[in-house]
Amino acid sequence: MRDDELWLATRHRLAGFTQRSGMTELSVEIPSPLRECIVFCEVECVRGCCGIDAVSTDPALIEAWCRRVGSAAVVDARLQLAELIEVVEDDSHRVTSTFLNHRTHDDAARRQLLDFLAAVEAGLAADDAS
């Protein structure tokens, strides 16, 4: 499979398209095991209430999840996260996630989501150092 075909297949796996107010809205699904990592770290509140603010990005907590699930799941989660970051960085569309209870309705919301994803990424990468 060529790189561009892989990217499109990944994008279609992560997202479904809907059209809203002149800009494409991309509804992303969070696949497992990344989904389980986020659920494990949901300790500040609940996503249904506070969205991504409900999820702790404390590296020690993410590392605890990594130890629990093992290296194969961590590798998969990191790949899924990299794909998700790529989708969110594309500002030609809005991104929504029912699971994360978040929508990139403006640049600040997109930056908030990217900062959250980068913090999760750093936590997963910290597992490599241990």
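Keep in mind that what you see is a predicted model, and the values were worked out from it rather than measured.

Novice: Explanation requested: the environment of glutamate 42 in the structure shown.
Specialist: Its location among the elements puts glutamate 42 in the loop between α2 (34-40) and α3 (47-50). Expressed as a C-alpha distance, the spacing of glutamate 42 and valine 55, which sit 13 residues apart in the sequence, is 4.1 Å. The residues touching glutamate 42, leaving out its near neighbours within four places in the chain, are Arg47, Ala54 and Val55.

Novice: For this particular structure, what's the right way to read the packing of helix α4 (residues 59-69) against helix α5 (residues 71-89)?
Specialist: For any two helices packed against each other, one specifies the crossing angle of their axes together with the interaxial distance. Interhelical geometry of α4 versus α5 gives an angle of 125° and a closest axis separation of 6 Å. With respect to α5, the axis of α4 lies oblique. Residues Trp65, Cys66 and Val69 of α4 form the contact with α5, whose own contacting residues are Ala73, Val74 and Ala77. Among the residues forming the contact of α4 with α5, the class breakdown is six nonpolar, no polar and no charged.

Novice: I tried to follow the environment of serine 92 on my own but got confused; where do I start?
Specialist: Checked against the element boundaries, serine 92 lands in the loop between α5 and β3 (93-97). On the accessibility criterion, serine 92 (47% relative accessible area) is partly exposed. A sequence separation of 67 residues divides serine 92 from glutamate 25, and the C-alpha atoms of the two residues are 9.2 Å apart. Among the polar contacts made by the side chain of serine 92, one reaches the side chain of aspartate 90 at a distance of 2.7 Å. Among the polar contacts made by the side chain of serine 92, one reaches the side chain of histidine 93 at a distance of 3.5 Å.

Novice: I tried to follow the confidence of the model for the protein on my own but got confused; where do I start?
Specialist: In low-pLDDT regions, the fine details of the predicted coordinates are not to be read closely. Averaged over every residue, the pLDDT of the protein is 86; the share at 70 or more is 80%. Mean pLDDT values for the elements of the protein range from 43 in strand β1 (residues 15-20) up to 98 in α2. Contacts of residues 1-12 to residues separated by more than four positions or lying in other chains number nine contacts, the stretch itself having pLDDT below 50. Counting interchain partners and residues more than four positions distant, the pLDDT-below-50 stretch residues 15-21 has 17 contacts.

What counts, and at which threshold
Residues numbered from 1 in each chain as written. Predicted model: local features only at pLDDT ≥ 70, side-chain atom pairs only at ≥ 80, totals over all residues. Heavy atoms only, no water. Helix = DSSP H or I, 4+ residues; strand = E, 2+ residues; numbered from the N terminus. Contact = heavy atoms within 4.5 Å. Axes fitted to C-alpha atoms, helices over the stretch in contact; angles between N-to-C directions. Parallel < 35°, antiparallel > 145°, perpendicular 65-115°, else oblique. Nonpolar A, V, L, I, M, F, W, Y, C, P; charged D, E, K, R; others polar. Buried < 20%, exposed > 50% of the residue type's maximum accessible area, 1.4 Å probe, protein only. Polar contact = N/O pair within 3.5 Å; in protein donor to acceptor, adjacent residues only side chain to side chain. pLDDT = per-residue confidence, 0-100.

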